[in-house]
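# Commentary on secondary and tertiary structure
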Amino acid sequence: MKGTTDQRAGLLSGIGAYGLWGIVPLFWPLLKPAGAIEILAHRMVWSLGVVGIALLVLRRWSWIGELIRQPRKLGLISVAAAVITVNWGLYIWSVNNGHVVEASLGYFINPLVTIAMGVLLLGERLRATQWVAVGTGVVAVLVLAIGYGRPPWISLTLAFSFATYGLVKKKVNMGGLESLTAETAVLFLPALGYLLWLGAQGDSTFASEGLGHASLLAATGVITATPLVLFGAAAIRVPLSTLGLLQYLAPVFQFICGILYFHEAMPPERWAGFTLVWLALALLTWDAFRTSRRTRAQAQALAAQPAPSAPSAGDAASSSSATTPAR
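A brief structural summary. (Residues numbered from 1 in each chain as written. Predicted model: local features only at pLDDT ≥ 70, side-chain atom pairs only at ≥ 80, totals over all residues. Heavy atoms only, no water.)

### Examining the overall build of the chain
The helix and strand tally for the chain stands at 14 helices and zero strands. In the chain, the succession of α and β elements from N to C terminus is α-α-α-α-α-α-α-α-α-α-α-α-α-α. Rg of the C-alpha trace for the chain: 25 Å, well past the compact-globule value of 20 Å for 327 residues, more than 25% over. Principal-axis analysis of the C-alpha atoms places the extent of the chain at approximately 100 × 50 × 45 Å. Looking at the chain as a whole, 39% of its 327 residues qualify as buried. Intrachain contacts of the chain at a sequence separation of at least 6 include 85% that bridge at least 24 residues. Taken as a whole, the chain presents about 17700 Å² of accessible surface, with 68% of it coming from carbon and sulfur. Averaged over its 22 positive side-chain charges, the chain has a centre that lies 11 Å from the centre of its 13 negative ones. (Helix = DSSP H or I, 4+ residues; strand = E, 2+ residues; numbered from the N terminus. Rg over C-alpha atoms; globule rule 2.2 N^0.38 Å. Buried < 20%, exposed > 50% of the residue type's maximum accessible area, 1.4 Å probe, protein only. Contact = heavy atoms within 4.5 Å. Areas by Shrake-Rupley, 256 points an atom, 1.4 Å probe, with all protein chains shown as cover. Lys, Arg positive; Asp, Glu negative; His and termini not counted. Charge placed at Lys NZ, Arg CZ, Asp CG, Glu CD.)

Pasting the structure below:
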């Protein structure tokens with residue numbers, strides 16, 4: 001009963017996390033007239049405050065001393081912070097400049113980019129279906145490039161930056177809350193310095209656009225931290241295969257927001273490119289389920305085999321005399 005309740009709570013947490021990531025495009029336009037860089041800086045500053053309070057409540061501070069004593073890990077955290085800065089900043093700019101659909105494409109093709117990076121950087125070997133999926137993804141990008149009249153740079157940058165972020169996070173091997181705290185701590189001083197400079201120049205919207213606008217900018221910390229907390233709750237309660245399926249909720253919701261709310265155009269060539277991407281993701285999902293089912297069946301078959309019986313004392317003596325050379 002407890003396991004079922006945990007799984008249900010994990011599933012709801014996962015839906016909540018990816019659902020919030022999916023509808024976040026509705027939030028960023030509320031922050032205008034603040035520009036993308038100002039919004040990004042506020043997101044970094046206020047996120048550290050939110051995760052700091054969470055760690056204070058949970059009393060999870062011991063990891064900080066361990067991290068400080070590991071320069072390599074600190075270096076990787078800095079790389080992760082730099083990469084996610086690019087990802088966050090470009091995403092905010094994309095939404096506020098009418099490129100929601102193209103941004104959603106970045107997160108659709110992210111799994112394909114992650115697989116390609118595993119082959120190129122980690123020497124991983126792909127199954128035939130995975131090769132077909134990656135090839136289909138490449139064709140999709142070519143079709144979209146023809147449709148846009150240029151490569152879909154926003155999508156590619158978002159996909160590659162987030163895939164790189166995932167790769168670095170895998171090497172860092174820290175919990176979601178701790179990792180976000182470390183990354184925002186690295187980003188805090190540059191972000192705060194930029195906001196102070198912006199205020200000194202008289203270009204900050206935080207104080208000039210009223211209390212409501214300032215409150216929305218401060219809320220970027222909650223908007224950032226809440227889905228990560230929900231994701232962390234889901235990750236420990238549901239299988240990775242389930243999380244793998246749930247991850248598509250975010251770009252699906254972003255795509256729907258782009259078309260129905262922001263009324264972005266979807267000419268035939270763009271539909272063709274997206275359809276190819278969805279076909280590639282369907283192949284990946286089918287291959288993952290097939291492999292998981294096969295692995296589970298092999299494990300069950302292995303568990304069903306009778307354990308080898310221990311040799312009797314007589315057998316052991318006989319074996320000993322047969323293998324010991326005569327003196």
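### Side note on the nonpolar core
Counting residues in each nonpolar core, the largest one holds 43 residues, and the members touching the most others are Trp28, Leu31, Ile39, Val51, Tyr91, Ile92 and Leu158. Within the residue set of this core, elements represented by two or more residues are α2 (36–58), α3 (62–68), α4 (71–96), α5 (100–122), α7 (153–172) and α8 (176–200). With eleven residues, the top contributor of residues to this core is α4. Other than its neighbours up to four places away in sequence, Tyr91 contacts Val24, Pro25, Trp28, Ala103, Tyr107, Leu158 and Gln254. Formed by 26 residues, the second largest nonpolar core is a distinct cluster that contains Phe108, Met266, Val277 and Ala280. (Core = buried A, V, L, I, M, F, W, Y, C linked by side-chain atoms within 4.5 Å.)

### Points about helix α9 (residues 211–218)
Those residues of α9 that fall on the buried side of the exposure criterion are His213, Ala214 and Leu217. Seen along its axis, α9 keeps its buried residues to an arc of 100°; they face one direction. (Arc of directions from axis to C-beta.)

### Things to note about the packing of aromatic side chains
Applying the stated criterion across every chain, the model contains 15 aromatic pairs. With centroids separated by 5.4 Å and ring planes inclined at 65°, the aromatic side chains of Phe27 and Trp28 adopt a geometry described as edge-to-face. Each member of the pair, Phe27 as well as Trp28, carries the same accessibility label: buried. Ring pairs connect the aromatic residues Phe108, Phe255, Trp271, Phe274 and Trp278, which therefore count as one cluster. (Phe/Tyr/Trp six-rings, centres within 6.5 Å; stacked < 30°, edge-to-face > 60°.)

### Here's the deal with the side chain of Arg270
Along the chain, Arg270 falls in helix α13 (residues 268–304). Despite its burial, Arg270 pairs with no opposite charge; the closest candidate is Glu264, at 4.4 Å N-O. Looking at Arg270, its side chain comes within polar contact range of the main-chain oxygen of Ala265, at 2.9 Å. Excluding residues that lie within four positions of it along the chain, Arg270 makes contacts with Val101, Leu144, Tyr148, Glu264 and Ala265. (Salt bridge = Lys/Arg side-chain N within 4 Å of Asp/Glu carboxyl O. Polar contact = N/O pair within 3.5 Å; in protein donor to acceptor, adjacent residues only side chain to side chain.)

### Here's the deal with the environment of Ile84
Relative to the assigned elements, Ile84 resides in helix α4. Every residue in contact with Ile84, bar those within four places of it in the chain, is listed here: Phe162, Tyr165 and Glu183.

### Brief notes about the pattern of salt bridges
Inspection of every chain in the model, using the stated rule, returns three salt bridges. Note that Arg127 is salt-bridged to Asp287, the shortest N-O span being 2.7 Å. Separated by 160 residues along the polypeptide, Arg127 in the loop between α5 and α6 (128–148) and Asp287 in helix α13 bring together distant segments of the chain. Residue class for Arg127 comes out partly exposed when judged on its relative accessible area of 33%. The partner of Arg290 in a salt bridge is Asp287, with the nearest N and O atoms 3.0 Å apart. With Arg290 and Asp287 both in helix α13 and three residues apart, this pair spans about one turn of that helix.

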